[in-house]
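Single-letter residue listing:
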Amino acid sequence: MRDLLLSAYPLIKATHIAAVIAWMAGMMYLPRLFVYHHQAEKGGEAERFFVTMERRLLKGIINPAMIAVWALAGLMLYANPALFGAGWFHVKLAAVLAISAIHGWYAQARRAFERGERPRSEKFWRIVNEVPFLLMLVAVFMAVLKPF
Ligand code: HEM
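Keep in mind the model is a prediction, meaning the values are calculated, not measured.

1. Considerations on the overall build of the protein chain
Item 1. Broken down by element type, the protein chain carries six helices and zero strands.
Item 2. Each helix and strand of the protein chain, ordered N terminal to C terminal, gives the series α-α-α-α-α-α.
Item 3. Evaluated residue by residue, the protein chain yields a buried proportion of 40% over its 148 residues.
Item 4. Looking at the protein chain alone, contacts between residues at least 24 apart form 78% of all its contacts between residues at least 6 apart.
Item 5. When the accessible surface of the protein chain is split by element, carbon and sulfur atoms take 69% of a total near 8,300 Å².

This is the structure:
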């Protein structure tokens, strides 16, 4: 099994990066929808539209992409357990755990919007939108540069 994974390692890594792109695209789009949702008239046509878009984005793209990112990472770690001891991997793991926690928090906020609530403020979601991007930068630089 490990030999098979090692021979397929470049393919697994490439698919991991593709899944990361889908995950991050969704993670940066969902708070934008929350911003527009805040501007929509309560109980109006636009509000129903945003509820549908937020649900489809989360369940159709963000959730499956995150599962793929972690599953493919698990295969790489099983194939190459020495990675667990690498300093860069520890920093990266902290960054991607933080992104995953924000993912869970976005899912909670989405449910609140679906119930007709308006969690936080428009300005809040504009600012928070940048956090997963900055954490993703840490993950990319650690994974590619492996500085320590
Ligand atoms: C936003 C999230 C993530 C980003 C941007 C990211 C980015 C990357 C990149 C660019 C690589 C290729 C590095 C290379 O050039 O060899 C990579 C590999 C890898 N990633 Fe991720 N990743 C993310 C999430 C995760 C998660 C959640 C894990 C789980 C522990 C993980 C574990 C790994 C592992 C084990 C490798 C292989 C490293 C190697 O063999 O050198 N990644 N990741």
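2. A few points about the nonpolar core
Item 1. Counting 26 residues, the largest nonpolar core has Trp-23, Met-27, Leu-30, Ile-62, Ile-99, Tyr-106 and Trp-125 as its most contacted members.
Item 2. Mapped by element, the contributors of at least two residues to this core are helix H2 (9–39), helix H3 (45–79), helix H4 (87–114), helix H5 (122–128) and helix H6 (130–145).
Item 3. For this core, the element with the highest residue contribution is H2, accounting for eight residues.
Item 4. When sequence neighbours within four positions are dropped, the list of residues in contact with Met-27 reads Ile-62, Ile-99, Ile-102, His-103, Tyr-106, Asn-129 and Pro-132.
Item 5. In this structure, Ile-12, Leu-72, Met-76 and Leu-83 belong to the second largest nonpolar core, which totals twelve residues.

3. Points about the coordination of the iron atom of the ligand
Item 1. The coordination sphere of the iron atom of the ligand contains the protein donors His-16 (NE2) and Lys-92 (NZ), at a distance range of 1.7 to 2.1 Å.
Item 2. Bound by six donor atoms, the iron atom of the ligand shows angles of 81 to 175° at the metal and therefore octahedral coordination geometry. Of this pair, His-16 sits in helix H2 while Lys-92 sits in helix H4, and the two are 76 residues apart along the sequence.
Item 3. For His-16, a relative accessible area of 9% gives the class buried.

4. Notes on the packing of aromatic side chains
Item 1. On inspection of all chains with the given rule, the structure shows twelve aromatic pairs.
Item 2. Summarising the aromatic geometry, the rings of Trp-105 and Phe-124 are spaced 5.8 Å apart at their centres and angled 85° between planes, so their arrangement reads as edge-to-face. Placement of the pair is Trp-105 in helix H4 and Phe-124 in helix H5, with a sequence separation of 19 residues.
Item 3. Overall, the relative accessible area of 24% leaves Phe-124 in the partly exposed class.
Item 4. A residue is classified by how much of its surface remains accessible, and Trp-105, at 27% relative accessible area, is partly exposed.
Item 5. Among the aromatic residues, those joined into a ring-pair cluster are Phe-34, Trp-105, Tyr-106, Phe-113, Phe-124 and Trp-125.
Item 6. Sitting above the plane of the Tyr-78 ring, Arg-2 keeps its charged end 4.5 Å from the centroid.

5. Re the site of the ligand
Item 1. Around the ligand lies a shell of 25 residues, among which Tyr-9, Lys-13, His-16, Lys-92 and Lys-146 are the nearest.
Item 2. The side chain of Lys-13 places a nitrogen or oxygen atom 2.6 Å from an oxygen atom of the ligand.
Item 3. Here a nitrogen atom of the ligand and a side-chain polar atom of His-16 are 2.9 Å apart.
Item 4. Because more than half of its atoms lie within 2 Å of the grid, the ligand is assigned to the largest pocket.
Item 5. Put simply, the parts of the chain that give the shell around the ligand at least two residues each are H2, H3, H4 and H6.
Item 6. Broken down by element, the residue count for the shell around the ligand peaks at seven residues, all from H2.
Item 7. Classifying every residue of the shell around the ligand by side-chain character gives 21 nonpolar, one polar and three charged.

The rules behind the values
- Residues numbered from 1 in each chain as written.
- Predicted model: local features only at pLDDT ≥ 70, side-chain atom pairs only at ≥ 80, totals over all residues.
- Heavy atoms only, no water.
- Helix = DSSP H or I, 4+ residues; strand = E, 2+ residues; numbered from the N terminus.
- Buried < 20%, exposed > 50% of the residue type's maximum accessible area, 1.4 Å probe, protein only.
- Contact = heavy atoms within 4.5 Å.
- Areas by Shrake-Rupley, 256 points an atom, 1.4 Å probe, with all protein chains shown as cover.
- Core = buried A, V, L, I, M, F, W, Y, C linked by side-chain atoms within 4.5 Å.
- Donors = N, O, S within 2.8 Å, 3.2 Å for Na, K, Ca; no water.
- Tetrahedral: all angles 85-135°; square planar, octahedral: opposite > 155°, others 65-115°.
- Phe/Tyr/Trp six-rings, centres within 6.5 Å; stacked < 30°, edge-to-face > 60°.
- Lys NZ or Arg CZ within 6 Å of the ring centre and 35° of its normal.
- Near = heavy atom within 4 Å.
- Polar contact = N/O pair within 3.5 Å; in protein donor to acceptor, adjacent residues only side chain to side chain.
- 1 Å grid on protein atoms, 1.4 Å probe; cavity = no way out; pocket = protein on both sides within 12 Å on 5 of 7 lines; lining within 4 Å.
- Sits in = over half its atoms within 2 Å of the grid points.
- Nonpolar A, V, L, I, M, F, W, Y, C, P; charged D, E, K, R; others polar.

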